[in-house]
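Chain and residue survey
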Amino acid sequence: EADSLAFVPEIKPGPNIRRVGTTVEDFEQNLLSNLYFQRGTTIESASAGDAYHTLAVTLRDRLVDRYARTVAAHYETNPRFVYYLSAEYMLGRQLNQNLLYTGTEQWTREIAEARGLSMETLATLDVEPGLGNGGLGRLAACLLDSMATLDIPAVGYGIRYDYGIFKQTFQNGEQVERPDDWTFYGNPWEFAAPDDQHVVGFYGKTESANGDSMAGPRRWIPSETVRGEPSHMLVPGYGTQTVNIVRLWRARASRQSFDLARFGAGQYGEAVQHIALSESISKVLYPDDSTELGRELRLKQQYFLVSCSLRDIIRRFQFRNRDWDAFPDKVVIQLNDTHPVLAIPELMRLLVDEHQVDWDRAWSITQRTFAYTCHTLLPEALETWPVALMERLLPRHMEIIYLINHVFLRDLDMRHPGDLRLMRDLSLIQEEPERRVRMANLAVVGSHAVNGVAELHSRLLAETTLRDFASLWPEKFHNVTNGVTPRRFVRLANPRLSSLISAHLGGDGWLTDLDQLAGLEAFADDNAMRERWRDVKRLNKVDLAAYAARTTGVVLDPQAMCDVMIKRFHEYKRQLLKVLHVVTLYNRLRDDPAATVVPRTVVFAGKAAPGYRAAKLVMKLVNAVADTVNNDPRVAGALRVVFLPDYNVTRAELIVPSADLSEQISLAGKEASGTGNMKLALNGAVTIGTLDGANIEIRDRVGADNFFLFGYNAEQAMSARRSGYSARSFYDQDPELRAVLDAISGGVFSSGDRDAFASVVDSVLGWDEYLCLGDYRSYVDCQDTVERAWQDRERWTSMSIRNTARSGFFSSDRTVRDYCRGIWNVEPVRVPEE
Ligand code: Z15
């Protein structure tokens, strides 16, 4: 099947770019006209849903105007583009963001409220596209926001999953997953382009196209094809005219897939099974974060994303350029983890087999084009795919990978003659226990830059996981510390704090120049400021308490310290250590109800991969402890525990602004960076944390006095594990710890059932990879220090202000600038207002 319908979708510059009006009257006219012509209804009969949809498309119209001018400016300039390839994007809700970015928030409020519609109602109709699992997907969204804000020409490519990350509920304290049919009522933010599809092949065989060399060109004859149908969402920059796009691919069956004869014979299921099979490729996001499942369909998803995106990138390149050697001057492709790494052999295939570029030239182009971000150190997160599966699914790619490996190992042998150990470790193919393709090795060999996501992570990558590559090519290795967008995670999530900041800094310039937050430093010990700062936190906590009461029935005290642990459930993140602390507090209160303690609300939120038994049992334990604690009159007023279900971007925007204490307690050396830690610090939460990931950089900046540090550092953790770590000895020597574990295994939180949580307790008492008990005493003592600090209200508030004032570095604008200078070598393109 040829690409018969493909066309060049770019908007060319010309006089036909429409302009949207600039007054509230124009805006209201646009709304009324869209209500009538787009929604097909009248103001008298419009529902809240009609109003929402109409508002969304009207805002979208305003962004289209900017987008058209952006494309025109890009066309004129023909700049180098960043193409961000990611299997995940966690964009968050679009409505409030687009109101802010188009400056129409106030107008909308007036127009809506005059008709009895609240902004809150409209906001709740906005559905968050949950097309990611956690940190990696949200980072992608923050980088898109910052690239647009910094006028960087960029396109994000991803998959338009029919079902995003599952919806989480609890039954008997256990996680229950429900499908996230996020487009059930339609998605007003996207533009579908069903007439702009690409055809993607799978399986089949290869044959020589001229001669017999694997270095090609060769012909791949796939035995299965599906179509990739694109749609895009607009990605506006804040305070600029630039609007970029994120282009998402959806799998569609070929036109002839519906079996009319079978349908006629009453075999309805069989009649549509080919359609269902093809379209399953983009059906659902795999809900695993930092672990690999190795399913065939997952590999198909990855190749589907890569194939569609590269065809698009090449077409965009050819729109303005001819010479393939110029490709890396116009294109840099950033690989978000190993998920899109098949793009490396795919570009080789397209150049060699379809565009007659010879192998060596194609390889040079490829290496100069790609850059790879690694997001983990966990061995279980490093993807490998069985050679047998690759040979079957992508026979030509497997040939190309062999050839890349052959040339690479030959060169390696010239530099390090006879070093078989090195050859075996760096080979793109792992031999034992079964032959597998190592995607991270392929990424490093095929890219000109490799980066980790925080200083410690980048150092450990170069010293451990990718050590031999780092000695081979030290110049390839970079660090780019992650960041978060202050537009969403301060301005939109925390409008009260934002107003207070702007009032003290004399404007909102900090939103695009976050280092300006340093100006708050001057007010850190100012009584009036501290009073207002506390007021903001208190009001945010009142909002959170209202939400918690409505959704869980748990009543929270806005005066209590709000202690939050919000992130994916994973053993390395050690939610269990937090539970051990909560039970410690509970035991103390039970033993002595008169004990003066700091009233605390412990907020948990986060999802676990559906198949991750250990993490799910910890979740169940959290719910069980919450139940027991919240129903025990002896501790009422002192301790509350709430697990807010269905953590997502929207929920983060609710919880982060009310946090006093930010729990970042992963075992040192395990969390690559973390980004929730940054969101919380920016919103004035004080961190209790280990020397892990970006915590280290947060502490360096906010100051050791404004950060609660505990636990092993990465080196100590590694040597503790090497030198025979004994969890038992901690249990034997620490009576308070013993009481906690005995309470859990004794059935205190499971109505006397001693089996319910036995395996949790056994896991920390046995050979615990994450050294929970080893860090317990240090953690609990540190929490006692936190409580003493909290009791000095003024001092705590100063710490909180300093956390905000000194966290400007953690803007994703800085992250994008780092990528631009260190890796991408791209320049901004300003989009004129007219
Ligand atoms: C993911 O969310 C992260 C790493 C992964 O390897 C996968 Cl598969 C998913 C996270 C890291 O755990 C986190 O530390 C980091 O902040 C985030 O990526 C963004 O870099």
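Residues numbered from 1 in each chain as written. Predicted model: local features only at pLDDT ≥ 70, side-chain atom pairs only at ≥ 80, totals over all residues. Heavy atoms only, no water.

**What about the overall build of the chain?**
Looking only at helices and strands, the chain features 33 helices and 25 strands. Summarising its shape, the C-alpha atoms of the chain cover approximately 85 × 75 × 65 Å along the three principal directions. A total of 834 residues make up the chain; the buried ones form 61% of that total. Look at the contacts in the chain between residues 6 or more apart in sequence, and 78% of them connect residues 24 or more apart. Accessible surface, the chain: about 31,700 Å² in total, of which carbon and sulfur atoms supply 50%. Distance between charge centroids for the chain: 1 Å, based on 95 positive and 110 negative side chains. (Helix = DSSP H or I, 4+ residues; strand = E, 2+ residues; numbered from the N terminus. Buried < 20%, exposed > 50% of the residue type's maximum accessible area, 1.4 Å probe, protein only. Contact = heavy atoms within 4.5 Å. Areas by Shrake-Rupley, 256 points an atom, 1.4 Å probe, with all protein chains shown as cover. Lys, Arg positive; Asp, Glu negative; His and termini not counted. Charge placed at Lys NZ, Arg CZ, Asp CG, Glu CD.)

**Details of the domain arrangement of the chain**
Domain annotation for the chain reports domain 1 (18-77 + 94-127), domain 2 (78-93 + 128-481 + 819-824) and domain 3 (525-804). Counting from both sides, the interface comprises 26 residues of domain 1 and, opposite them, 27 residues of domain 2. When the two sides are added together, the surface that domain 1 and domain 2 hide from each other amounts to roughly 2,600 Å², 59% of it contributed by carbon and sulfur. Taken together, the connections running from domain 1 to domain 2 amount to zero salt bridges. Across the domain 1-domain 2 interface, the total number found is 13 residue pairs in polar contact (both at pLDDT 80 or more). Mapped by element, the contributors of at least two residues to the side of domain 1 that touches domain 2 are α2 (48-77), α3 (95-102) and α5 (119-125). Top contributing element to the side of domain 1 that touches domain 2 by residue count: α2, with 16 residues. Classifying every residue of the side of domain 1 that touches domain 2 gives 13 nonpolar, eight polar and five charged. (Domains from an automatic or database assignment. Buried area = accessible area lost by both parts, 1.4 Å probe. Salt bridge = Lys/Arg side-chain N within 4 Å of Asp/Glu carboxyl O. Polar contact = N/O pair within 3.5 Å; in protein donor to acceptor, adjacent residues only side chain to side chain. Nonpolar A, V, L, I, M, F, W, Y, C, P; charged D, E, K, R; others polar.)

**Some remarks on the site of the ligand**
Not every one of the 17 residues close to the ligand is listed here, only the nearest: L136, H375, N482, E671 and G674. Taken together, the residues of the shell around the ligand sort by class into five nonpolar, nine polar and three charged. Both domains that meet at the shell around the ligand, namely domain 2 (78-93 + 128-481 + 819-824) and domain 3 (525-804), each give it at least three residues. (Near = heavy atom within 4 Å.)

**Description of a nonpolar patch on the surface**
Taken together, the side chains of F258, L260, F263, Y268 and V272 present a nonpolar region at the surface, about 490 Å² in accessible area. Of all the secondary structure elements, the ones that give two or more residues to the nonpolar patch are α7 (260-264) and α8 (268-279). For F258, a relative accessible area of 36% translates into the label partly exposed. (Patch = residues over 30% accessible without salt bridge, like charges linked within 9 Å, V, L, I, M, F, W, Y side chains within 5 Å.)

**Observations regarding the packing of aromatic side chains**
Scanning all chains against the criterion turns up 28 aromatic pairs. Ring centres of Y36 and F37 lie 5.1 Å apart, and the angle between their planes is 85°; this geometry places the pair in the edge-to-face category. Judged by its relative accessible area of 49%, Y36 falls in the partly exposed class. Given a relative accessible area of 63%, F37 falls into the exposed group. Relative to F327, the ring of W324 lies with its centre 5.8 Å away and its plane at 50°, an arrangement referred to as tilted. Note on accessibility: W324 and F327 belong to one class, buried. Three or more aromatic residues link up through ring pairs in this structure, and these residues are F81, Y83, Y157 and W249. A cation over a ring is seen here: K679 above F489, with NZ or CZ 4.4 Å from the ring centre. Cation over ring: R701 sits above F809, and NZ or CZ is 3.6 Å from the ring centre. (Phe/Tyr/Trp six-rings, centres within 6.5 Å; stacked < 30°, edge-to-face > 60°. Lys NZ or Arg CZ within 6 Å of the ring centre and 35° of its normal.)

**Overview of the nonpolar core**
In terms of nonpolar packing, the biggest core is built from 142 residues, with F202 and W824 touching the most fellow members. Per-element accounting of this core gives the leading share, ten residues, to helix α9 (residues 296-320). When residues of this core are assigned to domains, at least three fall in each of domain 1 (18-77 + 94-127) and domain 2 (78-93 + 128-481 + 819-824). With 69 residues, the next largest nonpolar core counts A608, A626, Y712 and L741 among its residues. (Core = buried A, V, L, I, M, F, W, Y, C linked by side-chain atoms within 4.5 Å.)

**Notes on the environment of R613**
Along the chain, R613 falls in helix α23 (residues 613-630). Between the C-alpha atom of R613 and that of Y157, which follows or precedes it by 456 residues, the distance is 32 Å.

**Here we look at the pattern of salt bridges**
Inspection of the entire model under this criterion finds 66 salt bridges. The shortest N-O distance in the salt bridge between D145 and R487 comes to 2.9 Å. Taken together, the residues D145 in helix α6 (residues 135-149) and R487 in helix α19 (residues 486-492) connect sequence positions 342 residues apart. Here D145 matches R487 in class, with each residue buried. By sharing partners, the salt bridges in this structure join E521, D525, R530, E531, R534, E794, R802 and R806 into a single network.

**Focus: the side chain of N441**
Relative to the assigned elements, N441 resides in helix α16 (residues 439-446). For N441, the residues in contact, after removing those within four places along its chain, are D425, L426, S427, L428 and F469.

**So, the side chain of H581**
The residue H581 is located in helix α22 (residues 575-591) in this model. Its relative accessible area of 1% is what places H581 among the buried residues. Excluding anything up to four places from it in sequence, H581 contacts R600, Y779, V780 and Q783.

**Focus on the packing of helix α21 (residues 527-552) against helix α32 (residues 793-805)**
Close contact between α21 and α32 brings their axes to 10 Å; oriented N to C, the two are set at 80°. With respect to α32, the element α21 is oriented roughly perpendicular. Contacts from N527, M529, R530, W533 and R534 in α21 reach R793, E794, T797, S798, S800, I801 and T804 in α32. (Axes fitted to C-alpha atoms, helices over the stretch in contact; angles between N-to-C directions. Parallel < 35°, antiparallel > 145°, perpendicular 65-115°, else oblique.)

**Overview of the pairing of strand β12 (residues 243-252)**
When you tally the buried positions in β12, you get eight out of ten residues, the bulk of the element. Pairing of strand β4 (residues 154-159) with β12, which is carried by five bridges, proceeds in the parallel orientation. Bridging across to β12, G156 finds its partner in V246. Two strands pair when backbone bridges link them, and strand β11 (residues 224-236) and β12 are joined in this way by ten bridges, in the antiparallel orientation. Residue pairing in the sheet places S231 in a bridge with L248 of β12. From the end of β11 to the start of β12, which pair antiparallel, there are six residues, and G239 there has a positive phi angle of about 70°. (Pairing = 2+ DSSP bridges.)

**Focus: the sheet that holds strand β15 (residues 384-386)**
Sheet architecture is open: three strands sit in the order β15-β17-β16, paired in antiparallel fashion. Unpaired on one side and paired on the other, β15 and β16 (429-430) mark the two borders of the sheet. Sheet analysis places β16 next to strand β17 (residues 436-438), joined by two bridges and oriented antiparallel. Paired with I429 across the bridge in β17 is V437.

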